[in-house]
4 protein chains.
Amino acid sequence: MSYERTVLLLRCPDRPRVVATVAAAIADAGGNIVHADQHLDAAHDFFVQRVEFDLPAGAHERFGDDLRAVADRLSMTWDLWRPGEGPNRVAILVSQPGHCLVDLLGRVALGELHAEIACVISNHDSLRTLVEAHGHRFHHVEVGDGPDAAAAHEQAVGSLVEDSGAELVVLARYMRILPAEFVERHVTINVHHSFLPAFSGARPYHQAYSRGVKLIGATAHYATPELDAGPIICQQVTPVTHRDDVDDLRRIGSDLERLVLARAVHLHLERRVVTYANRTVVFD
Amino acid sequence: MSYERTVLLLRCPDRPRVVATVAAAIADAGGNIVHADQHLDAAHDFFVQRVEFDLPAGAHERFGDDLRAVADRLSMTWDLWRPGEGPNRVAILVSQPGHCLVDLLGRVALGELHAEIACVISNHDSLRTLVEAHGHRFHHVEVGDGPDAAAAHEQAVGSLVEDSGAELVVLARYMRILPAEFVERHVTINVHHSFLPAFSGARPYHQAYSRGVKLIGATAHYATPELDAGPIICQQVTPVTHRDDVDDLRRIGSDLERLVLARAVHLHLERRVVTYANRTVVFD
Amino acid sequence: MSYERTVLLLRCPDRPRVVATVAAAIADAGGNIVHADQHLDAAHDFFVQRVEFDLPAGAHERFGDDLRAVADRLSMTWDLWRPGEGPNRVAILVSQPGHCLVDLLGRVALGELHAEIACVISNHDSLRTLVEAHGHRFHHVEVGDGPDAAAAHEQAVGSLVEDSGAELVVLARYMRILPAEFVERHVTINVHHSFLPAFSGARPYHQAYSRGVKLIGATAHYATPELDAGPIICQQVTPVTHRDDVDDLRRIGSDLERLVLARAVHLHLERRVVTYANRTVVFD
Amino acid sequence: MSYERTVLLLRCPDRPRVVATVAAAIADAGGNIVHADQHLDAAHDFFVQRVEFDLPAGAHERFGDDLRAVADRLSMTWDLWRPGEGPNRVAILVSQPGHCLVDLLGRVALGELHAEIACVISNHDSLRTLVEAHGHRFHHVEVGDGPDAAAAHEQAVGSLVEDSGAELVVLARYMRILPAEFVERHVTINVHHSFLPAFSGARPYHQAYSRGVKLIGATAHYATPELDAGPIICQQVTPVTHRDDVDDLRRIGSDLERLVLARAVHLHLERRVVTYANRTVVFD
């Protein structure tokens, strides 16, 4: 018999027998659990589980039906995903520093990220050549002058993302603030160049230098209407010394930014991140 | 109703319905799962699960009986443990460097480690005052001269450990090699001052210095008859530079040794470590 | 000829020939430079150098005189210190969590820290036995009731520190705020249980949990009148996950607190830290 | 007056007055020292210093002459380098895993690495498109059959490197062993996918998995005739768990490989690495 790798990501209030019921449903369908991880937050009455299992080919439909019955009984919401399915479409927004963009493009080219680049959008034209050399569509959306320029720019960016059919938006060092409507409409991952909540807002490396910290960091998080305050997916830091000036911090930090952003996108695409109460559960 | 926190650690071949069956047994006994983690190694046909749950007071016995029936059916071995139970008795063996010993004594004194010091045994007398000031028994077992000295020493140490009723032996920088019979008879955790398998054996900091590595480490592992080759529980490293000579490595490394050893002992006492195929599963 | 290890720590405005002049003075005195490190902050017109050298026995006085002449010419301030000199007297202030205190006492007992414990002062009596078992003086200074209780307490603590002859005050998880006069009068190192500037103030582990960060940290810094805002000496972080609740953060973080505080005290006692512009230069 | 940033890297036996003499020479030429770092290894009678300073435009030649006189007196060898000078030519050798190559190409494209890609050489043709899209020359050198195939391949690769005028060769996951003549003739940096000296040789991730280590690493080092045994420039590690199989180790480790290789190349190009006694001094 041939099997298909399947991932079930489920959420529900904390009820007895959830684990037993789901495990039984998988066994009944002839499936074999390969990995399972779960998290219970009793204070929030929130239970979440990620189960990875092999299901006999052809059993997918019926298992979905079985699950629907169970889900109703347990007030459960769930995603069922097969890793072999087509890649997700991703739109990347970027300003001038290109290191996160280049890193993502390289990982997509090598197949490290199971994603398809829907388009790259920038408020500068400087990265066009790089993007087009990788065979992707590049949109330069200039910010005009006048009182309505910002709104017009946001409008244009929003339309391009909409038209691209992107399922995920990645802000790869995009230095403009997006309107609340945008981040509410599109699942959006941002990288901020500090270990949040320290140094949120503008010029974090200048802030870090001026505070005299001995480590700098980077944070990848889901964007929410409140700036730099969304659920954190991934953070990393590295030591620095008095010898490092702002330029050094920027150079050293850029490697952290690449890594946390690539890692957060990877985790998201693999259905390993669940958010609740402005925090994330990361099943890695 | 009052509840008792209970931990179930089970091992069995990879069979269908293990998770479902165990979850059902807990639910049947009126228990609520708080945490659960599991690991399947298909290549070794080995499944292991750690479930932490609250069981109604008084249900412990009956749940044990139920489990026995399940266990037979699934070829499962298991431990059932209540974290509130009395501390484990631990014997510590140490040579001259006292930093790991002092660290462990401090953690026991503060209640960070749920352990009772059965005794401290050393081939030197230099740490007696420190140990006795903490109110623990200290045995100095000298190594004599002559062809039988080593065997006599091992014999004496073995008897003291035996008499102490220790359930766990911790080698806190004990610089002598114990006979195979000892480590087969007593569960023994050792700390080695390198990131194994690099620099096993004698004088790892000298080896590290001479190889010019840019990071040094420490490893806590279960001792087995083969030197420095047992299942690894915990490892940590820290960067070093060309400026660090052997004395610096020793000083910097001593902090890693403290941490990995204390952490490994903590994980073991909390029933978070399972070994198979010369490796560990660590449920942290 | 016998030599004495000597450390020169000097500070001056950025002038030409400082390095050449100092190196020549050491060579003239028959000294051999073993290590040298320096830092120039052009923006602050601030130069600092730490030179470790071997000086012929008996040449100490004359070298000091030579240096005085040079120093005047270069507007230089300097410390000349011989590592073999007697240990510094250190007063430790602590509240209820004893892990940092126990760690420091262990390091002093083993000779890892070249310090002498002048006294331990606490607003609780719970750590008395531990401190006295190590042979140190313990003062319990209760905080009374009424409007003047805090001031009276600060007054009493201040007198005890004064009388102890301490050259350095260490706040090893001391949960009360000291008056500005205190930290201006006594060089004081504090440990804060977060990666500052994130989560300054009260209950940092609760703050960290509620923000959903993926790493927690600890910071050792010189205390200044502004709370948690003084020059940072040492910071460290460690990853955490959604599985870690506030108690876990506290337990995991306590190891970071121990390490950064011990390390900061060590660096300070070895004359490796220089402060300027609310930052530190750490010559490690 | 305009200034030119200049770097002096000098090596000599441990002689008195080296620092004073060099500092005086720089001051005499009207230069201002910006950074200076040094290292003395008394056991090897080896002194090395890196001085970064601003020299009046036009003074370069005369300063070189002055230095020559000093160098003879002190048995000193030295490099004098201006960071503004043209980029170094770098040849990259790679086999099938493309992540290190892609990372380096991205950094060169963004100007993060002050290098010019002389050519990319591979024993596979799979990365041609990527390399040519970046505008670089790609050579596929197949390994033929028969007893002389390896030698012929090495010969062909050697000629291509020679013809490319490369000053540095980078092995970006090149899975073939180069002959001793090659690494003796060309300065060559290799990345090995383990924390050396652990797991040298073939299939380090398989070795790591089978030993059950709790951290994996990557090492960038200068290649020498002895495999994986040359002077280490840069190492990094990251934690892994029992949940990570060999594929996970490979995926997680690939990020370490990228970083340590890029960092080692950067340090080398900035004249921050000096080797002696099979070790490196890294002035970062």
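Conventions and cut-offs
Residues numbered from 1 in each chain as written. Chains lettered and ligands numbered in written order. Predicted model: local features only at pLDDT ≥ 70, side-chain atom pairs only at ≥ 80, totals over all residues. Heavy atoms only, no water. Helix = DSSP H or I, 4+ residues; strand = E, 2+ residues; numbered from the N terminus. Contact = heavy atoms within 4.5 Å. Buried area = accessible area lost by both parts, 1.4 Å probe. Salt bridge = Lys/Arg side-chain N within 4 Å of Asp/Glu carboxyl O. Polar contact = N/O pair within 3.5 Å; in protein donor to acceptor, adjacent residues only side chain to side chain. Nonpolar A, V, L, I, M, F, W, Y, C, P; charged D, E, K, R; others polar. Phe/Tyr/Trp six-rings, centres within 6.5 Å; stacked < 30°, edge-to-face > 60°. Buried < 20%, exposed > 50% of the residue type's maximum accessible area, 1.4 Å probe, protein only. Least-squares fit on C-alpha atoms with pLDDT ≥ 70 in both.

### Side note on the environment of alanine 229 of chain C
Then comes step 1: Mapped onto the elements, alanine 229 of chain C comes out in the loop between β10 (215-222) and β11 (232-239).
Then comes step 2: Separated by 32 residues in sequence, alanine 229 of chain C and proline 197 of chain C have C-alpha atoms that sit 7.6 Å apart.
Then comes step 3: Discounting residues that sit within four places of it in the chain, alanine 229 of chain C has contacts with Arg211 of chain A together with His221, Thr224 and Asn278 of chain C.

### A few points about the interface of chain A and chain C
Then comes step 1: Taken together, the contacts link 32 residues of chain A with 32 residues of chain C.
Then comes step 2: Between chain A and chain C, a total of about 2600 Å² is buried, with carbon and sulfur atoms accounting for 52% of that surface.
Then comes step 3: Connecting chain A to chain C are two salt bridges.
Then comes step 4: As a salt-bridge pair, aspartate 37 of chain C and arginine 243 of chain A come within 3.5 Å of each other at their nearest N and O atoms.
Then comes step 5: The tally of links from chain A across to chain C stands at 16 residue pairs in polar contact (both at pLDDT 80 or more).
Then comes step 6: Among the elements of the structure, β2 (32-41), α7 (204-211), β11 (232-239) and β13 (279-282) of chain A are those that each provide at least two residues to the side of chain A that touches chain C.
Then comes step 7: Element by element, the count of residues in the side of chain A that touches chain C is highest for β11 of chain A, at six residues.
Then comes step 8: Among the residues making up the side of chain A that touches chain C, the classes are represented as 16 nonpolar, nine polar and seven charged.

### Some thoughts on the packing of aromatic side chains
Then comes step 1: A full pass over the atoms with the stated rule returns 14 aromatic pairs over all chains.
Then comes step 2: Considering the side-chain rings of phenylalanine 195 of chain B and phenylalanine 199 of chain B, the 6.0 Å spacing of their centres and the 70° angle between planes classify their relative orientation as edge-to-face.
Then comes step 3: Since its relative accessible area comes to 8%, phenylalanine 199 of chain B is described here as buried.
Then comes step 4: In this structure an aromatic cluster arises from ring pairing among Phe195 and Phe199 of chain A together with Phe195 and Phe199 of chain C.

### A word on the relation of the copies chain A and chain C
Then comes step 1: By a simple turn and slide, chain A fits onto chain C: the slide is 0.0 Å along the axis, the RMSD is 0.0 Å, and the turn is 180°. In short, the pair behaves as if placed about a two-fold rotation axis. Among all C-alpha atoms of chain A, that of alanine 198 of chain A lies closest to the rotation axis, at 2.3 Å.
Then comes step 2: Taken as a fraction of all interface residues of chain A, those also at the interface in chain C reach 100%, which identifies the copy contact as same-surface.

### Focus on the interface of chain D and chain C
Then comes step 1: With 14 residues of chain D in contact, the opposing surface of chain C contributes 14 residues.
Then comes step 2: Each partner contributes to the roughly 1200 Å² buried at the junction of chain D and chain C, and carbon and sulfur atoms together form 55% of this total.
Then comes step 3: If you look at where chain D meets chain C, you find two salt bridges.
Then comes step 4: For arginine 17 of chain D, the salt bridge goes to aspartate 28 of chain C, with nearest N and O atoms at 2.7 Å.
Then comes step 5: At the junction of chain D with chain C, the criterion picks out two residue pairs in polar contact (both at pLDDT 80 or more).

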